[in-house]
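Each chain is listed here by its residues.
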Amino acid sequence: MPKLKDKTVIVTGGAGGIGGATCRRFAAEGAKVAVFDMNIEAAQKVADGIKASGGIAAAFKCDITDRAAVDAAVAATIAQLGPIDVLVNNAGWDVFKPFVKTVPDEWSKLIAINLTGALHMLHAVLPGMVERNAGRIVNIASDAARGGSSGEAVYSACKGGLVALSKTLAREHARHNITVNVVCPGPTDTALLAGVAEGARDPAKLIEAFRSAIPLGRLGQPDDLANAIAFFGSDDASFITGQVISVSGGLTMHG
């Protein structure tokens, strides 16, 4: 039997590289997948692909920075797919430049998407998990939160906040049989990384520098992250909570 049969899973940023791979991975394990994304057309494409493969999925347009939109999308998910068993906070955005060259409007957007958006989702979903005394939460942070990353000061701060938030929620909700864990991607072959590289003087050279620094000799692929995320979302990880794992090909080896 698939490990997540009939479980309802929300994946924010579900139309992106890591998000789409995560949606497909959960669907392959029998889950009913809610694909949350600002780009409803792209989200629908992911959902349609899952359904074409025999899975169950639905697309929902959701701006995670808007609490009313989050509440509406969560309610629609419950009505269509059932109570939420797993929440994956994957949506994110970054701008790559030295801190002193950033401006407050960029800070606000970075914080709204990378931290406040996750807060909205958690606040909307956790009460139902508490009521049912069960749940899995996987927050996607970044190795920038663990070791810093030049050109990503505010992004790093947001992801560091998400790590601290996750550990605190793991303590608060352990008695409710809810686990909260964090996956930190290293350099991964996605549109977000390509966008970051475009801000560099030599994008190809930057990508090659990432690749050559990784002990396993390649960039991460979305499926690499999806596998780790699905593990934390499954009952195989039922005795793991408050933990942070890097999926980085050995680029970071934090204790």
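Residues numbered from 1 in each chain as written. Predicted model: local features only at pLDDT ≥ 70, side-chain atom pairs only at ≥ 80, totals over all residues. Heavy atoms only, no water.

**Student:** How would you explain the overall build of the chain if you had to name every residue and give the values?
**Tutor:** A count of helical and extended segments in the chain gives 9 helices and 7 strands. For 255 residues, the compact-globule estimate of 2.2 N^0.38 gives 18 Å, and the chain sits close to it at 17 Å. In terms of its C-alpha atoms, the chain occupies a principal-axis envelope of roughly 50 × 35 × 35 Å. Relative to its full complement of 255 residues, the chain shows a buried share of 47%. Contacts spanning at least 24 positions in sequence make up 71% of the contacts within the chain whose residues lie at least 6 apart. For the chain, the accessible surface area stands at approximately 11,700 Å², while carbon and sulfur atoms represent 56% of it. (Helix = DSSP H or I, 4+ residues; strand = E, 2+ residues; numbered from the N terminus. Rg over C-alpha atoms; globule rule 2.2 N^0.38 Å. Buried < 20%, exposed > 50% of the residue type's maximum accessible area, 1.4 Å probe, protein only. Contact = heavy atoms within 4.5 Å. Areas by Shrake-Rupley, 256 points an atom, 1.4 Å probe, with all protein chains shown as cover.)

**Student:** Before we move on, could you go through the packing of aromatic side chains and cite the residues and values that matter?
**Tutor:** By the definition in use, this model includes 3 aromatic pairs. Ring plane angle 55 degrees and centroid distance 5.7 Å describe the contact between F36 and F60, whose orientation is recorded as tilted. Here the residue F36 occupies a position in strand β2 (residues 32–37), and F60 occupies one in strand β3 (residues 56–61), the gap between them amounting to 24 residues. In this structure F60 comes out as buried when scored by relative accessible area, which is 8%. A centroid spacing of 5.6 Å and a plane angle of 15 degrees characterise the contact between F99 and W107, whose relative ring orientation is stacked. (Phe/Tyr/Trp six-rings, centres within 6.5 Å; stacked < 30°, edge-to-face > 60°.)

**Student:** How would you explain the nonpolar core if you had to name every residue and give the values?
**Tutor:** Judged by nonpolar contacts, the single largest core of 32 residues is most densely connected at I10, F36, L87, M121, V125 and I137. Here this core gets 6 residues from one element, more than from any other, and that element is helix α4 (residues 104–132). Non-local contacts of I137, meaning those with residues more than four positions away in its chain, are made with L87, L122, L126, M129, I178, T179, V180 and N181. Judged by nonpolar contacts, the second largest core, of 28 residues, contains L4, A43, A47 and A228. (Core = buried A, V, L, I, M, F, W, Y, C linked by side-chain atoms within 4.5 Å.)

**Student:** With reference to specific residues and values, describe the environment of Y155.
**Tutor:** Inspection of the secondary structure assignment puts Y155 in helix α6 (residues 153–173). Taking relative accessible area as the criterion, Y155 reaches 9% and is therefore assigned buried. As a C-alpha pair, Y155 and A79 span 76 residues in sequence and 34 Å in three-dimensional space.

**Student:** Which residues make up the side chain of T252, and what values go with them?
**Tutor:** Position of T252 among the secondary structure elements: in the segment after β7 (244–247). Polar contacts involving the side chain of T252 include one to the side chain of D143, which spans 2.4 Å. A distance of 3.1 Å separates polar atoms of two side chains, one belonging to T252 and the other to S248. Discounting residues that sit within four places of it in the chain, T252 has contacts with D143 and S246. (Polar contact = N/O pair within 3.5 Å; in protein donor to acceptor, adjacent residues only side chain to side chain.)

**Student:** Could you give me a rundown of a nonpolar patch on the surface, with the residues and numbers involved?
**Tutor:** Taken together, the side chains of F99, V100, W107 and I111 define a hydrophobic patch exposed on the protein surface, amounting to about 390 Å² of accessible area. Mapped onto the elements, F99 comes out in the loop between β4 (86–89) and α4. Residue classification places F99 among the partly exposed residues on the basis of a relative accessible area of 44%. (Patch = residues over 30% accessible without salt bridge, like charges linked within 9 Å, V, L, I, M, F, W, Y side chains within 5 Å. Salt bridge = Lys/Arg side-chain N within 4 Å of Asp/Glu carboxyl O.)

**Student:** Break down the environment of W107 for me, citing the residues and quoting the values.
**Tutor:** Position of W107 among the secondary structure elements: in helix α4. By relative accessible area, which is 31% here, W107 ends up partly exposed. Each C-alpha atom, one on W107 and one on V180, is 26 Å from the other, the two residues being 73 residues apart in sequence. For W107, the contacting residues outside a window of four places in its chain are F99, T102 and V154.

By themselves, these figures tell us nothing about what the structure is for.
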